[in-house]
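Descriptive structure summary
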Amino acid sequence: MPAVQNPPEKMMFQLNLRRRGISDQAVLRAMEEIPRDAFVAPADRADAYRDSALGIACGQTISQPFVVAYMTEQLQLQKDHRVLEIGTGSGYQAAILSRLCGQVLSIERYRTLADSARARLEKAGCDNVEVMLGDGFDIPAGGGDFDRIIVTAAMEQIPESLTQRLEPGGILIAPVGPHQGVQTLVRLVRTEAGLERKELVDVRFVPALPGIAREL
Ligand code: SAH
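Quick caveat: nothing in here was measured; it's all calculated off a predicted structure.

This part takes up the environment of serine 90. Assignment of secondary structure puts serine 90 in the loop between β3 (82–86) and α4 (92–98). Taking the C-alpha atoms as reference, serine 90 lies 14 Å from cysteine 126; in sequence the two are 36 residues apart. Discounting chain neighbours no more than four positions away, the residues touching serine 90 are Phe39, Ile56, Ile62, Ala117 and Arg120.

Bringing helix α3 (residues 65–75) into the picture now. Since one α-helical turn is 3.6 residues long, residues separated by three or four positions face the same way. The buried fraction of α3 is high, at 11 of 11 residues. Among the residues of α3, those classed as buried are Pro65, Phe66, Val67, Val68, Ala69, Tyr70, Met71, Thr72, Glu73, Gln74 and Leu75. Among the residues trailing α3, glutamine 76 stands out with phi positive, at a value near 45°.

Turning next to the state of the cysteines. Using the criterion set out here, one finds 0 disulfides in the structure. The structure places no disulfide on cysteine 126, whose sulfur is separated from the nearest cysteine sulfur, that of cysteine 101, by 10 Å.

A few words now on the pairing of β3. Among the 5 residues in β3, 4 count as buried, and that is most of the element. In the sheet, β3 pairs with strand β4 (residues 103–108) via 5 bridges, with the strands oriented parallel. Pairing of leucine 84 across the sheet is with leucine 105, part of β4. By the bridge criterion, 4 bridges tie β3 to strand β6 (residues 146–151) in an arrangement that is parallel. Its bridge partner lying in β6, valine 83 is registered against arginine 148.

Okay, the site of the ligand next. The environment of the ligand is formed by 28 residues, the closest being Ser90, Glu108, Asp135, Gly136 and Leu209. The backbone of glutamine 93 places a nitrogen or oxygen atom 3.0 Å from an oxygen atom of the ligand. Between arginine 109 and the ligand, the recorded distance is 3.4 Å, taken from a backbone N or O atom to a nitrogen atom. Look at the ligand: alone it shows 580 Å² of surface, and the protein chains cover 100% of it. Of all elements in the fold, only β2 (61–62), β3, α4 and β4 reach the threshold of two or more residues within the shell around the ligand. Broken down by class, the residue content of the shell around the ligand amounts to 12 nonpolar, 12 polar and 4 charged.

Moving on: the packing of aromatic side chains. Evaluation of the coordinates by the stated rule reveals 3 aromatic pairs. Between phenylalanine 13 and tyrosine 49, the aromatic rings sit 5.2 Å apart at their centres with planes inclined by 90°, giving edge-to-face as the arrangement. On the criterion of sequence distance, the pair formed by phenylalanine 13 in helix α1 (residues 8–19) and tyrosine 49 in the loop between α2 (25–33) and β1 (54–55) is long-range, its members being 36 residues apart. The ring centre of tyrosine 92 lies 5.7 Å from the NZ or CZ of arginine 36, which sits over that ring. Just above the ring of tyrosine 110 sits the side chain of arginine 109; from NZ or CZ to the centre is 5.5 Å.

The next subject is the UniProt feature "active site" (unreviewed entry) in the protein. Those residues carrying the UniProt feature "active site" (unreviewed entry) are Ser63 in this numbering. Relative to the helices and strands, serine 63 is located in the loop between β2 and α3. For serine 63, a relative accessible area of 17% corresponds to the buried category. Those residues in contact with serine 63, other than ones at most four positions away along the chain, are Arg36, Ser52, Ala53, Val68 and Phe205.

Cut-offs and rules
- Going along each chain's sequence as written, the residues are numbered from 1 onward.
- This being a predicted model, a pLDDT of at least 70 is required before a residue's local features are given, and a value of 80 or more before pairs of side-chain atoms are given or counted; all residues contribute to the totals for chains, interfaces and linings.
- The basis for the side-chain values is all heavy atoms of the structure; hydrogens and waters are excluded.
- Secondary structure elements follow DSSP: runs of H or I of four or more residues count as helices, runs of E of two or more count as strands, with numbering from the N terminus.
- In this analysis, two residues are considered to be in contact whenever any of their non-hydrogen atoms come within 4.5 Å of each other.
- Remark: exposure states derive from per-residue accessible area (1.4 Å probe, protein chains only) relative to the maximum for the residue type, with buried under 20%, exposed over 50%, and partly exposed in between.
- In what follows, a disulfide is any cysteine sulfur pair within 2.5 Å.
- What makes two strands pair is DSSP finding at least two bridges between them.
- Consider each residue's heavy atoms; a residue with any of them within 4 Å of a molecule or strand counts as near.
- Two N or O atoms form a polar contact when they lie within 3.5 Å of each other; inside protein one atom must be a possible hydrogen donor and the other a possible acceptor, and for residues adjacent in sequence the pair counts only when both atoms belong to side chains.
- For accessible areas, the Shrake-Rupley method is used with a probe of radius 1.4 Å. Any residue's cover is judged against the shown protein chains and nothing else.
- Nonpolar residues are Ala, Val, Leu, Ile, Met, Phe, Trp, Tyr, Cys and Pro. Charged residues are Asp, Glu, Lys and Arg, and all others, Gly as well, are polar.
- Here is the rule: rings of Phe, Tyr and Trp (six-membered ring for Trp) pair when centre to centre is within 6.5 Å. Planes less than 30 degrees apart are stacked, more than 60 are edge-to-face, and the remainder are tilted.
- Counted as over-ring charges are cases with an Arg CZ or a Lys NZ within 6 Å of the ring centre that also lie within 35 degrees of the ring normal.
- UniProt positions are given in the numbering used here, feature names are shortened, and annotations may be inferred rather than shown by experiment.

So, in structure tokens, the structure goes:
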């Protein structure tokens, strides 16, 4: 018998992602390599490899692993891509992205979350991620455009300030819909003809709120 290399819950974690349709090997590998238990609250470590969202500080959540894998797969990342994430939260999604692209800029409106995510990402060796305290509805001019943009908080609509930052051929993915209730994952592709829009699956995210949080 081969030696068991992973604890059973990590094997189930991978199996579940495959069973639900994640097939991109590079995405599966990133999900295998990044320890989700390092991104959840200490009290939730035992539940880190369950396929569910979990609470983190500031009343926010770390997304469900399937949704992280699915959104990542839909981005079709390449090694030289510059990626913008809105909603750093725990830093877990940023860590997964960092394995698959060139550079990640991740923006978070809570200082507490930005600081702890930065520390976790550093510890996980994700040195191509920059975490910035800021407002995803008002990203600083300059700093250029992005090959991919991923929004991990629910927006009632996708603001032009974001789509404007998408390179030609670029892909943006965001949960769009009412703050309370179910949203739809929307994928936009910047083509020569304009923005091509496709609705993917229903999801539930915490709301994207304007401005830097006044609370820590
Ligand atoms: N991607 C995260 C989960 C994000 S939860 C992870 O992997 O853990 C959504 C996050 O978006 C929350 O932390 C919330 O504070 C943040 N957020 C909401 N509105 C925002 C805005 N306008 N700009 C930046 N971050 C925002």
